[in-house]
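# Descriptive structure summary
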Amino acid sequence: MAEHVLKGQCLCGAVKVTATPKEMHVDACHCSMCRNWGGSPALSINCTDSFAIADETQVGVYASSEWAERGFCKICGTHLFYRMKDLSFYSIPAGLFGDVDDLAFTLEIYVDEKPGYYDFANETKKMTGEDVMKMFGFA
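Below is a short write-up of the structure. In every chain, residue numbers begin from 1 and rise along the written sequence. Given that this is a predicted model, residues contribute local features only at a pLDDT of at least 70 and side-chain atom pairs are listed and counted only at 80 or more, while totals for whole chains, interfaces and linings are drawn from all residues. Side-chain metrics in this entry use all non-hydrogen atoms of the structure; hydrogen atoms and water are not considered.

### A word on the sheet that holds strand E1 (residues 6-9)
Read from one edge of the open sheet, 3 strands run E1-E2-E5, paired in antiparallel fashion. Unpaired on one side and paired on the other, E1 and strand E5 (52-53) mark the two borders of the sheet. Only strands joined by at least two bridges in the DSSP assignment are considered to pair. Strands here are runs of E lasting at least two residues and helices are runs of H or I lasting at least four, both read from the DSSP assignment and numbered beginning at the N terminus.

### Quick word on the layout of surface pockets
Within this scheme a cavity is a closed region of a 1 Å grid, computed over the protein atoms alone, that accommodates a 1.4 Å probe without allowing it to escape, whereas a pocket is open but has protein on both sides within 12 Å along at least five of seven lines; lining residues each have an atom within 4 Å of a point. Grid points are joined across faces, edges and corners, and a volume is the space filled by probe spheres set on the points. Size it by volume and the largest pocket reaches roughly 910 Å³. In terms of lining residues, the largest pocket is bounded by 47 residues, among which Cys29, Ser44, Tyr82, Phe89 and Ser91 are the most central. Elements represented by at least two residues in the lining of the largest pocket include exactly strand E3 (25-29), helix H1 (32-38), strand E4 (42-46), strand E8 (79-84), strand E9 (90-93), strand E10 (104-109) and helix H2 (129-135). Ranked by residues supplied to the lining of the largest pocket, first place goes to H1 with 5 residues.

### Some thoughts on the pairing of E3
Partly exposed describes any residue whose relative accessible area lies between the buried limit of under 20% and the exposed limit of over 50%, with all areas from a 1.4 Å probe on protein chains only and scaled to the type maximum. With 5 of 5 residues buried, E3 is to be regarded as a mostly interior element. Bridging between E3 and E4 involves 3 bridges; their strand directions are antiparallel. If you follow Ala28 over to E4, its bridge partner there is Leu43.

Quick look at the structure:
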């Protein structure tokens, strides 16, 4: 499989990013924090091994839990990443990279926190919050 180098930027263009995901798939997080942060479930790409920001001058970071933090553009507020504080995991909003047509929607997490007013039609693997915490070694 050929590597896909993804390039993107925030809404105002102050923050430019590149990533080469190992797998070309997008996942949805239904947790209450992601929904509160963005107004909807977070649709993101795992870019743990390959995420780079060209210039971090305009990047703000918010510690959203004991183990994770969220990055955003200080000028326009665009969401840039969700990452573990130890940098072992980076999840990047799929929309940051513009129109990427060859992504597969494969996973939904925190399905036990998903409100009843929406559902995705795609067949995906579904994990509860407890499943996710166990996967990352927190439970």
